[in-house]
Each structure stands twice: as structure tokens, then as C-alpha cells.
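Descriptive structure summary
Each chain, written out:
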Amino acid sequence: LPDLMYVKDIQCRFLLGSAALARLMGVSKPDDLLGKTDAEFFPREMAEQYAADERGVFSTGQSLLNREETVVDRTGKTQWISSSKVPLHDSLGNVVGLVGIGRNISERKHSESLIKMQSEGLISRNAELTALYEISNVVRNSLDLDLMLQQALDTITSLSVFNIEHKGGIFTVEGETLRLLAILHHTDNFLRAHDGIKIGDCLCGQAARSGEIIVSMNALEEDRHTKEYPEISDHGHVIVPLMAMEKVTGVLYLYLPANAEIDNRQLKLLETIAAELGIAIENA
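Residues numbered from 1 in each chain as written. Predicted model: local features only at pLDDT ≥ 70, side-chain atom pairs only at ≥ 80, totals over all residues. Heavy atoms only, no water.

1. Quick look at the sheet that holds strand S8 (residues 214–216)
Two strands in a sheet stick together by hydrogen bonds in their backbones, pointing the same way (parallel) or opposite ways (antiparallel). Convention followed: In this description, strands pair whenever DSSP reports at least two bridges between them. Helix and strand labels come from DSSP, where a helix needs a run of H or I of at least four residues and a strand needs a run of E of at least two; each type is numbered from the N terminus. Note on definitions: angles span 0 to 180 degrees between N-to-C directions of axes, and those axes are lines fitted to C-alpha atoms, for helices only across the stretch in contact.
Taken in spatial order, the five strands make up an open sheet running S7-S6-S10-S9-S8, and their pairing is antiparallel. Pairing within the sheet leaves two strands with one partner each, and these edge strands are strand S7 (177–184) and S8. Sheet twist, expressed as the mean angle between neighbouring strand axes with direction ignored, is 20 degrees. Where S8 lies against strand S9 (residues 236–244), three bridges are found, and the strand directions are antiparallel.

2. Examining the pairing of S7
Two elements, strand S6 (residues 168–174) and S7, share seven bridges in a ladder whose sense is antiparallel. In the sheet register, Ile 170 faces S7, and the bridge partner there is Ala 182. The turn joining S6 and S7, which pair antiparallel and follow one another in sequence, is formed by two residues; a positive phi near 70 degrees is taken by Gly 175.

3. Overview of the environment of Pro 230
In this fold, Pro 230 is placed in the loop between S8 and S9. Distance from Pro 230 to Thr 187, taken between C-alpha atoms, is 9.6 Å for residues 43 residues apart in sequence.

4. A look at helix H2 (residues 44–60)
Test applied: Multiplying one less than the number of residues by 1.5 Å gives the expected span of a helix. Burial status follows relative accessibility: with a 1.4 Å probe on protein chains alone, a residue under 20% of its type maximum counts as buried, one over 50% as exposed, and anything between as partly exposed. By construction, the arc corresponds to the directions joining the helix axis to the C-beta atoms. Working rule for contacts: check all heavy atoms of both residues, and any pair within 4.5 Å makes them a contact.
Taking 1.5 Å per residue, 17 residues should reach 24 Å; H2 reaches 24 Å between its end C-alpha atoms and fits that length. Along H2, the residues that are buried comprise Met 46, Ala 47, Tyr 50, Ala 51, Asp 53, Glu 54, Val 57 and Phe 58. An end-on view of H2 places all buried positions within 160 degrees of arc, on one side of the element. Seen from the buried face of H2, the exposed residues on the opposite side, beyond 90 degrees, are Arg 44, Glu 45 and Ser 59. Contacts from the buried residues of H2 go to strand S1 (4–9), strand S3 (64–72), strand S4 (78–89) and strand S5 (95–104). Trailing H2 by a residue or two, Gly 61 shows a phi angle of about 75 degrees, which is positive.

5. A few points about the sheet that holds S3
Taking strand neighbours across the sheet as the criterion, the five strands line up as S2-S1-S5-S4-S3 in an open arrangement whose pairing is antiparallel. Only two strands of the sheet have a single partner each, and these edge strands are strand S2 (14–17) and S3. The mean angle between the axes of side-by-side strands here comes to 25 degrees, regardless of whether they run parallel or antiparallel. On top of the sheet, H2 reaches S1, S3, S4 and S5; it is set at about 165 degrees to S3, its chief contact.

6. Describing unusual backbone geometry
For Asn 66, which is not glycine, the phi dihedral falls at a positive 55 degrees. Structurally, Asn 66 is set in strand S3. Phi is positive for Cys 202, which is not a glycine, with a value near 50 degrees. Considering the arrangement of structural elements, one finds Cys 202 in helix H6 (residues 202–210).

Purely geometric stuff here, so don't read any function into it on its own.
What follows is the structure in C-alpha cells.
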């Protein structure tokens, strides 16, 4: 049989074992298992866990059924096993050992992992398409630039596809100055500190000058972050230039939790959204 079958005594020593179990243990024949314990075949931590499970069966008389666990074979390869351990009783009802059976389910686990990855990929892709649709809908249905940018900012910061706070703003570029047209959850002190900000100033001004996305893990520890105001606290930033015809027309700045990361896929999606907003600003 392909199944791992065995009988153990009350000291967790093998009394019988199948050929499949011998192969997993790395011995040539089942007789090589007899009188030995798992400690002679498996890493110490794994063997100790198996022994603890079996002592539980001996002390309670209760079976352990259909438990899924990993086993490292003698080649170092990890296998997934579905196992059951059932107590053996003598004529007086005393537990004198156990019968164990295991089935290698590595192939099934591998298939489940692939299905999960594909499912997560579809969910992520659907979230991205939804985000693009919502932003396109805002841009397409608003004729007023200020209103459109405010609605776009609110939509972007509400998207679950990004790990960002519901806070941020959008500057437009007017000559050498950045003009703040859309904001979310900022104080008067913040607005005064950023009034008349120039190209090259702070993180937003530098993104406007370079045309490249800037990610800051913590603005308070960032030398490039030069604007200060009383309520400032630990936070991260992702600053996205809004481009049209290879020209920066604005800057979108978003807040991240301090030391949070944003992955390349999310940055690519932000670039796509930023391109649409940049063209909308240019057209306006």
C-alpha cells in the first residue's frame, strides 16, 4: 500500500511498519524500524512533537484523526501528511500502544496552494480594475477641475487596493509654484506651511521637479521633508507626479502608516491613475 502504516508500543517504539513508511524514514526495509522511535529518524523538534501527541493518545485513550502536518524525510524534502493515531487496548481496556496511518497529501496541498495563488491574483486584479474604473468615472463626469480633483482624491484614499490613510492632497503646477487644489484632513497650520511651496521644496516639490515617484518611510526621519507644522506626527508618504505629454502638471501626495511598505504593483497602479489625472489637469 502507498499509505504509511505502523504499530507502536507504549514507549512510542515501532512494532510494525509498512514499506511506504520505511521509504519515508530512509531505511531499506520495514524491519529496520522495529524497536526504534521517531527520534532516530526525524529532527529533534519534530520527533518531540510526535512523541507528545502519542503520549496524549496513551493518557486519554482518545484518537487523533485526520491531522494534517508536515514531515521532513531523510532527503530533507518536506512532505504533507494526513495522519490518524488510534489507541490499542488490551483485554482489560488498558492502552498498550497505538495504530497509526498516514497518507501523503503533498500533491493535493501543492494544488491547493496554486489555486489559492491564482484566486488571490484574480481578486487583486479585479480590485485594480475597479480602482481604474472609479477614477475614470470621476474624471469623465466632472467638468470643474477643483471638484474633479477633490472627488478623485477622496476616491483614491478610499480604495482598498492601497495601504494608505484617508488623507492627502493634490497640487497643480503653476510655473515654479505648487498650488494646493484638493485636500483631505489637513489643519490650518498645515495649509499655511505649504502655501506658496516651490518646485524643489520638500518631498512634493522634489517629485514635481524630477517627475519620479518618491516613497518616504517616515517623513520625520527624512532629510528631504523640510516643511514642519505643530501637528506633524510620524507618517510615511508616497508622492506621485501627475504627468501629461512628458510634463508634470501636478503632484498627488498620499499618507502611509509610518514604516509601511508599498509594493511595485501598487506603484504601477498609482502611475496609471496619475497619468489620467495629469491629462485631465492639462486639458482643464
